[in-house]
Amino acid sequence: MANHFRQHPGLACEECRRRKARCDRSRPCCGNCSDMGKQCVFNDQRAQRGPKKGQVRALRDRVNTLERLLLEQQHLDGTFRAAIDQAAAIQPVGSPEIMPTELPQLWDLDPGFPMGIEPLLTEIGESPSQASLTSKSSQKVVSPINEGQISALVRDDVVSVYFERVHPNIPIIHKQRYFDMVERKHLSQSQLCLQLAVQATAAASTAQMLESSDSLYVEACAALEAVEIVGPIGRIGGMPIELEYIQALLLVVYYEVLRMPQYKCILTSGRAFRLIQISRLHDIDMETVPSEEVSAEVFAREEERRRTFWVAYVFDRLFGIRYELPHTLHEEAIHTRLPAPEASFQDSKPVRMGFLSEAMSHPNNTILPVFAECVVLATLRGRYVNLRNALSGSTIDFCTRYQEIRDCLQKRLQTIAKHLPVTTTVVDSTLGFTHILAWSVMIDLNELAECMALDMNEHQKSITICLEQAFDACNEVVRLAKCSARLGRFKVLTLLPRLRYITANRG
């Protein structure tokens, strides 16, 4: 048999490569190009096929690195109990000679394990040993360290990041009052909890300190647990509830929404809601003093209390929608005025805002501060949930309540679009959240109207109108989501992805 190549040596011409035909590689013109009358071109500079030199080895190294990281992550679960033991000093509660001890250096602990605040995990299937940080037979007292965990320079930078990225999304802290608090030599345990919670949420909002945020979160949780262990709060004969303790809990909720499994934020927020009710933050303005008689210091302190309540109220409405939970903070019991404008709050300039009931019963074209608009829209969404759950009632009553919600929502949408527009050049995380919240309520109302039209055998035209309006609202949500994406991952409101998820499911 004649000795010959299965394929001629050399590169095929460009025409044969394009046609995927066998080329005899004859030069200056191959047989195929000669038969077809095509111009035959050979490219001798074509790179060799296959991976480049060293690429396979680099891929193997990446696979080995990922396998190692996965093994380390699995190992974190086994360190949970050991880390808690290091985070507390073993002492029985109730002994009069025992004083709170210093918290060990949690900064050096493994940041991968989560720590809860309340021993309520048994409700969702966790074992009792995992559910609580302390047992009846062996209780532990911990006290946080307010210095030494991070350098003063880094601490100042973290606070700056907090007010730039976290505060616009959860505006509960007066900047000057906070700075005055942290400069004191001796802070209460609740104030230390707030300081650690501020550091944790700020670290989770910047790529440079993201890895350190878990350690700061662990410290904040241990500090909150210490307040509970030292003595009961909010009960008869217990310690008074400091506002900083509730603020720290809400910041931990914010962190858990950002970084933890969903059940964590539900448990922690439930604890915060109950403390807010015990503290009577829902009726701060039951007996109101005229604004001209209120000093700047008193206004700043009272406005912090109002904002703490309203942030919890918005959380309550959004979590109730997302996780199908009943509301804890009821609209009818509120006697706290709506939050003042951010500039007036930070400058301590007394402003007399109206009540939520007034904004809901007498809607007009007057624009409210952005935070107050969020409160009104969250209330409308809460009313939608109550209306949806009451479908079995009277049809006439249902239609009346539905029309009231829809009329109020349309007025708010017109006012927000006129005074607070969102464009590709003007993007604000809180403003974008407000618009998306408004349009998501519109989607929900049209979905509800469509269901009622089907149940009542209404004309197909009514159903079509509902679907068209819901589709237009979905398009607006998509536009707003694209605008908010320009802010980047760490500047977008933490609840915005969850709100878009709810809206996507509804739409």
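Quantities reported herein were computed from a predicted structural model and do not represent experimental measurements.

Conventions adopted
- Residues numbered from 1 in each chain as written.
- Predicted model: local features only at pLDDT ≥ 70, side-chain atom pairs only at ≥ 80, totals over all residues.
- Heavy atoms only, no water.
- Helix = DSSP H or I, 4+ residues; strand = E, 2+ residues; numbered from the N terminus.
- Buried < 20%, exposed > 50% of the residue type's maximum accessible area, 1.4 Å probe, protein only.
- Contact = heavy atoms within 4.5 Å.
- Areas by Shrake-Rupley, 256 points an atom, 1.4 Å probe, with all protein chains shown as cover.
- Phe/Tyr/Trp six-rings, centres within 6.5 Å; stacked < 30°, edge-to-face > 60°.
- Lys NZ or Arg CZ within 6 Å of the ring centre and 35° of its normal.
- Disulfide = S-S within 2.5 Å.
- Polar contact = N/O pair within 3.5 Å; in protein donor to acceptor, adjacent residues only side chain to side chain.
- Core = buried A, V, L, I, M, F, W, Y, C linked by side-chain atoms within 4.5 Å.
- Axes fitted to C-alpha atoms, helices over the stretch in contact; angles between N-to-C directions.
- Parallel < 35°, antiparallel > 145°, perpendicular 65-115°, else oblique.
- Left-handed = near helix turned anticlockwise from the far one by under 90°.
- Nonpolar A, V, L, I, M, F, W, Y, C, P; charged D, E, K, R; others polar.
- pLDDT = per-residue confidence, 0-100.

Secondary structure summary: the chain contains 19 helices and two strands in total. In the chain, which comprises 507 residues, the proportion classed as buried is 46%. In the chain, the proportion of contacts linking residues at least 24 apart, taken out of those at least 6 apart, comes to 72%. Accessible surface computed for the chain: about 26900 Å², of which carbon and sulfur atoms make up 52%.

Going through the model one piece at a time under the given rule, you end up with nine aromatic pairs. The ring centre of Phe42 lies 4.3 Å from the NZ or CZ of Arg27, which sits over that ring. Across the ring face of Phe163, the terminal group of Lys175 is positioned such that the distance to the ring centre comes to 5.5 Å.

Okay, the state of the cysteines next. The full count for this structure, using the stated rule, is zero disulfides. For the unlinked cysteine Cys30, the closest cysteine sulfur is that of Cys33, found at 3.5 Å. According to the relative accessible area criterion, Cys30 is buried, its value standing at 0%. Take Cys193: it sits in no disulfide, and the sulfur closest to it among the cysteines is that of Cys221, at 9.7 Å.

Mapped onto the fold, Arg317 is located in helix α12 (residues 296-323). At a separation of 3.1 Å, a polar atom in the side chain of Arg317 contacts the side chain of Asp316. Here Leu329 takes part through its backbone oxygen, which lies 2.9 Å from a polar atom of the side chain of Arg317.

Once that is clear, we can look at the environment of Phe163. Relative to the assigned elements, Phe163 resides in helix α6 (residues 152-166). You can call Phe163 buried: its relative accessible area is 12%. Counting along the chain gives ten residues from Phe163 to Ile173, while the straight-line C-alpha distance between them is 8.9 Å. With near-sequence residues (within four places) excluded, Phe163 lies in contact with Pro168, Ile173, Lys175, Tyr178 and Phe179.

Nonpolar side chains in soluble globular proteins generally cluster together in the buried interior. Among the nonpolar cores identified, the biggest contains 107 residues, and Ile170, Ile173, Leu251, Trp310, Leu338, Leu356 and Leu409 are the most heavily contacted of them. With sequence-adjacent residues up to four places away left out, Leu409 is seen in contact with Leu377, Leu380, Ala438, Val441, Met442 and Leu445. Residues Ala12, Cys30, Cys33 and Cys40 belong to the second largest nonpolar core, which totals eight residues.

Examined against the element boundaries, His327 turns out to sit in the loop between α12 and α13 (342-347). Leave out the neighbours within four places in its chain, and His327 touches Asp316, Arg317, Gly382 and Asn386.

Let us now look at the packing of helix α11 (residues 262-278) against α12. As a packed pair, α11 and α12 sit with axes 10 Å apart at the nearest point and diverge in direction by 140°. As summarised for this structure, α11 and α12 are arranged oblique, according to the angle between their axes. In the packing of α11 onto α12, the handedness of the crossing is left-handed. Contact residues: Gln262, Cys265, Ile266, Ser269, Phe273 and Ile276 in α11; Thr308, Phe309, Ala312, Phe315, Asp316, Phe319, Arg322 and Tyr323 in α12. Of the residues in the contact of α11 with α12, the class split is nine nonpolar, three polar and two charged.

Attention shifts here to the confidence of the model for the chain. Residues of the chain with pLDDT of at least 70 account for 68%, and the chain-wide mean is 74. Ranking the helices and strands of the chain by mean pLDDT puts α13 first, with 94, and helix α5 (residues 128-131) last, with 35. This stretch, residues 1-5, has a pLDDT under 50; its non-local contacts, to residues over four places away or in other chains, come to zero contacts. Every residue in residues 77-149 is under pLDDT 50, and counting partners more than four places away or in other chains gives 129 contacts.

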